[in-house]
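An overview of the molecular structure
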Amino acid sequence: MYSKKNNTTNLSNFTPKGKLGALFAQARVFNRLNDQLSILLPDAFKTLSLCALKDNTATFVTHNQAVAFRAQKQQDTLLGILKNLDALSNIQKIIIKVDLTEY
């Protein structure tokens, strides 16, 4: 009789190959940056999440329209916070997006 083994994979160490592997690596980088930013961001901006970096532009996403509005008005403050992190010191522009997806 065939004995089925329960082989589990520790996903924190899982590293797939190819394009999926690149996405996993990118997600880990964004998770680390968001952890660092959560310490530096004021309480009013805690729901902002860094989701993209391209051409010296950082894109944040939030599900709260009020936070997005306030962040849009205080971009200089956010840029100053980003300059405190070595990995984000070259950022020149910030884009704030609102995710209105309902679950």
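Everything here concerns the structure above.
Since we're looking at a predicted model, the values are computed, not measured. (Residues numbered from 1 in each chain as written. Predicted model: local features only at pLDDT ≥ 70, side-chain atom pairs only at ≥ 80, totals over all residues. Heavy atoms only, no water.)

Notes on the overall build of the chain
Helix and strand counts for the chain come out as 3 helices and 3 strands. Order of helices (α) and strands (β) in the chain, N terminus to C terminus: α-β-β-α-α-β. Per-residue burial over the chain gives 26% buried out of 103 residues. Within the chain, contacts between residues at least 6 apart in sequence are counted, and of these 47% link residues at least 24 apart. (Helix = DSSP H or I, 4+ residues; strand = E, 2+ residues; numbered from the N terminus. Buried < 20%, exposed > 50% of the residue type's maximum accessible area, 1.4 Å probe, protein only. Contact = heavy atoms within 4.5 Å.)

Structural notes on the environment of Ser89
With respect to the secondary-structure elements, Ser89 resides in the loop between helix H3 (75–83) and strand S3 (93–98). Residue Ser89 is classed as partly exposed on the basis of its relative accessible area, which comes to 38%.

Focus: the pairing of strand S1 (residues 49–54)
Of the pairings in the sheet, the one linking S1 to strand S2 (residues 57–62) comprises 5 bridges and is antiparallel in character. Looking across to S2, one finds that Leu53 is bridged to Ala58. Here S1 folds back onto S2, and the loop between the two strands holds 2 residues, one of which, Asp55, carries a positive phi near 50°. (Pairing = 2+ DSSP bridges.)

Observations regarding the sheet that holds S1
Strand pairing in a sheet relies on backbone hydrogen bonds, with the paired strands running either antiparallel or parallel. What the 3 strands build is an open sheet, ordered S1-S2-S3; its pairing is mixed. Both outer strands of the open sheet, S1 and S3, are each paired with one neighbouring strand and no more. Strand-to-strand, the axes of this sheet are offset by a mean angle of 25°, without reference to chain direction. Helix-sheet contacts for helix H2 (residues 65–73) involve S2 and S3, and the interaxial angle to S3 is about 165°. Each of S2 and S3 is contacted by H3, which is oriented at about 115° to S3, the strand it contacts most. (Axes fitted to C-alpha atoms, helices over the stretch in contact; angles between N-to-C directions.)

Details of the side chain of Thr62
Relative to the elements of secondary structure, Thr62 occurs in strand S2. Overall, Thr62 belongs to the buried group, its relative accessible area being 2%. Here Thr62 is in contact with Thr47, Leu48, Val67, Ala68, Lys97, Val98 and Asp99, once residues within four sequence places are set aside.

Thoughts on the nonpolar core
Leu37, Leu48 and Phe60 are the most contacted members of the largest nonpolar core, which has 21 residues in total. Listing elements by their share of this core, those giving two or more residues are helix H1 (18–40), S2, H2, H3 and S3. A per-element tally of this core places H3 first, with 4 residues. With near-sequence residues (within four places) excluded, Leu37 lies in contact with Leu50, Phe60, Ile81, Leu82, Leu85 and Leu88. (Core = buried A, V, L, I, M, F, W, Y, C linked by side-chain atoms within 4.5 Å.)

A word on H2
Along H2, the residues classified as buried are Val67, Ala68 and Ala71. Projected down its long axis, H2 carries its buried residues within an arc of 100°, all on one side. Relative to its buried face, H2 has exposed residues pointing more than 90 degrees away, namely Gln65, Phe69 and Lys73. Looking at the buried residues of H2, the elements they touch are S2, H3 and S3. N-capping of H2 is provided by Asn64, with a side-chain oxygen placed 2.9 Å from the backbone N of Ala66. (Arc of directions from axis to C-beta. Polar contact = N/O pair within 3.5 Å; in protein donor to acceptor, adjacent residues only side chain to side chain.)

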